[in-house]
Amino acid sequence: MESDDTQLMLTVGMLTLTLAMGGCHVNPVKTAPTASSAANTVSYPSIDAGLGEHLYPDEKPIADELSVVLEESIRKQYSAGSARRDAHPKAHGCVKAEVSILDTLPAALSKGMFIPGTRYQAWIRFSNGSGDPTRADIKRDARGMAIKVLGVPGKKLLEDESAATTQDFIMINHPVFFATDPARYRSFLQDGNSDHFYRKLRIPFDLGAKGTLIALETRNSRISNPLQTRYWSMVPYQLGTGSERQAVKYSARACSSAADPIPKHPAHDYLRDALRNTLQNGDACMEFLVQPRTSDSMNVEDSRIEWTETQAPFYKVATIRIPSQAFDSPQQNAFCENLSFTPWHALPEHKPLGVTNRLRKVIYDRISRVRHEMNDAKRQEP
Ligand code: HEM
């Protein structure tokens, strides 16, 4: 078996090339970060030691620094009126969906919006992960599925959107995330943003062998249809409150295992075509799964550690029906662009856990504000 160091050296060149092509939140930034009118307004989350959370040194200042760096990146990459998301800027479409919670669920899972027998309307945005919105779908990439459930009553966690009636679930088609230590994530961004090639060579050392391999694996997928792909939350969430609360991860997958082949001569945006063709011909069905944590070895802070299905099974909690529809009118695409997804659009019963999620509270809020401000677009939950 190869040692970690040998594996690391093997991946240096490949990762440098991959990251140099964009994505993984690495876009060229040529100027020093400056503060903006979209400066961070949200509070930094508190931790729940009872569920295995602990703070890393300087998390909050690092979250602020990361948001400034990503904001500068967007301001450099896009002009006013055409700003896009820093990550996952290319959507295959936003589709209407219906999320039906199963009629019977064990009490331990019947928490928050998982009320047995309840049916919700939702929007789902399917995306590619790369920071380049013009990239062809056939190129290897991470794929995203962001669900915004509508009509969910109850006070939400984001201070200035506490009255929103939305609950978001954000997933990627890989079970683990490549970074966990905030200081190392900052070095990774700084090195990736540097103009000097030799600094990019440091990226695998910023991420370590394990993080580097996960980054490569995450960005390595080709899919035939966003509706036939499996997605994971990668990072954990609370389920329930008080003494009954537990940590869980989420996943979503198609109801059937049928899979289209990848086209032999794929169009530039063939994943949008696949979504359109499937939904022209009928409804699509996906299922939403929850994986409760069953042991301390299922780490809550370290996003790189997979919670395997041998350790703990996933349980189906809801069916997602995506009715036959036409979804790619210019109006619907504009609506889709202007949506903001964040793990923190959530009830306290679904509170995001772990350092990656804590950083995301500050960063997603900031980046969403920046792009809406640049586009002079109204920022509001549906
Ligand atoms: C510290 C780590 C992370 C950072 C800094 C980060 C940053 C971002 C940012 C800035 C956006 C755009 C937000 C907006 O403009 O509204 C975004 C979108 C997204 N992120 Fe992350 N992210 C991180 C971790 C993750 C993880 C762990 C996942 C796993 C599920 C994830 C999945 C996504 C997806 C799917 C989107 C697109 C959501 C949509 O359709 O609007 N990210 N991320």
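Look a little higher up for the structure.
About the thresholds
Residues numbered from 1 in each chain as written. Predicted model: local features only at pLDDT ≥ 70, side-chain atom pairs only at ≥ 80, totals over all residues. Heavy atoms only, no water. Donors = N, O, S within 2.8 Å, 3.2 Å for Na, K, Ca; no water. Helix = DSSP H or I, 4+ residues; strand = E, 2+ residues; numbered from the N terminus. Buried < 20%, exposed > 50% of the residue type's maximum accessible area, 1.4 Å probe, protein only. Arc of directions from axis to C-beta. Contact = heavy atoms within 4.5 Å. Polar contact = N/O pair within 3.5 Å; in protein donor to acceptor, adjacent residues only side chain to side chain. Near = heavy atom within 4 Å. Expected span 1.5 Å × (residues − 1). Disulfide = S-S within 2.5 Å.

### Observations regarding the coordination of the iron atom of the ligand
Here is step 1: From the protein, the iron atom of the ligand takes a single donor atom, Tyr364 (OH), 1.9 Å away.
Here is step 2: Along the polypeptide, Tyr364 turns up in helix α8 (residues 355-374).

### Overview of helix α7 (residues 330-338)
Here is step 1: The complete set of buried residues in α7 reads Gln332, Cys336 and Glu337. In an axial view of α7, the angular spread of the buried residues amounts to 140 degrees, which keeps them on one side of the axis. Opposite the buried face of α7, at more than 90 degrees from it, the exposed residues are Pro330 and Gln331.
Here is step 2: Where the residues of α7 are buried, they touch β1 (90-101), β2 (119-128) and α8.

### Topic: the environment of Ser329
Here is step 1: If you trace the backbone, Ser329 turns up in the loop between β9 (315-322) and α7.
Here is step 2: Accessibility expressed as a relative area gives 29% for Ser329, which makes it partly exposed.
Here is step 3: Here the alpha-carbon distance between Ser329 and Gly93, two residues 236 residues apart in the chain, equals 9.7 Å.
Here is step 4: At 3.0 Å, the side chain of Ser329 forms a polar contact with the backbone nitrogen of Gln332.

### Describing the site of the ligand
Here is step 1: Residues in contact with the ligand amount to 23 residues; listed here are only the nearest, Arg85, Arg125, Arg360, Tyr364 and Arg371.
Here is step 2: One of the side-chain nitrogen or oxygen atoms of Arg85 is found 2.6 Å away from an oxygen atom of the ligand.
Here is step 3: Arg360 places a polar side-chain atom, nitrogen or oxygen, 3.3 Å from a nitrogen atom of the ligand.
Here is step 4: Elements with a contribution of two residues or more to the shell around the ligand: β3 (143-149), β4 (167-172) and α8.
Here is step 5: At seven residues, α8 tops the list of elements feeding residues into the shell around the ligand.

### Topic: helix α6 (residues 270-281)
Each α-helix turn comprises 3.6 residues. Residues three or four places apart therefore point the same way.
Here is step 1: For α6, spanning 12 residues, the distance from its first C-alpha to its last is 16 Å, which sits close to the expected 16 Å at 1.5 Å a residue.
Here is step 2: The inward-facing, buried residues of α6 contact β1, β2, β3, β8 (284-292), β9 and α7.

### Notes on unusual backbone geometry
Here is step 1: The residue Asp58 is not glycine, and still its phi comes out positive at about 60 degrees.
Here is step 2: In this fold, Asp58 is placed in the loop between α1 (4-20) and α2 (59-77).
Here is step 3: The backbone phi angle of Met234 is positive, close to 65 degrees, even though this residue is not glycine.
Here is step 4: Locating Met234 in the fold gives a position in the loop between β5 (231-232) and β6 (237-239).
Here is step 5: For Met234, a relative accessible area of 5% gives the class buried.

### A word on the state of the cysteines
Here is step 1: Under the counting rule described, the total for this entry stands at two disulfides.
Here is step 2: Disulfide pairing places Cys94 opposite Cys336 at an S-S distance of 2.1 Å. Between Cys94 and Cys336, the disulfide has an S-S torsion of 70 degrees and is therefore right-handed. Of this pair, Cys94 sits in strand β1 while Cys336 sits in helix α7; the two residues are 242 residues apart in sequence, bridging distant segments of the chain.
Here is step 3: With a sulfur-sulfur separation of 1.9 Å, Cys255 is cross-linked through a disulfide to Cys285. An S-S torsion of about -65 degrees defines the bridge between Cys255 and Cys285 as left-handed. Placement of Cys255 in the loop between β7 (246-254) and α6 and of Cys285 in strand β8 is noted, with a sequence separation of 30 residues between them.

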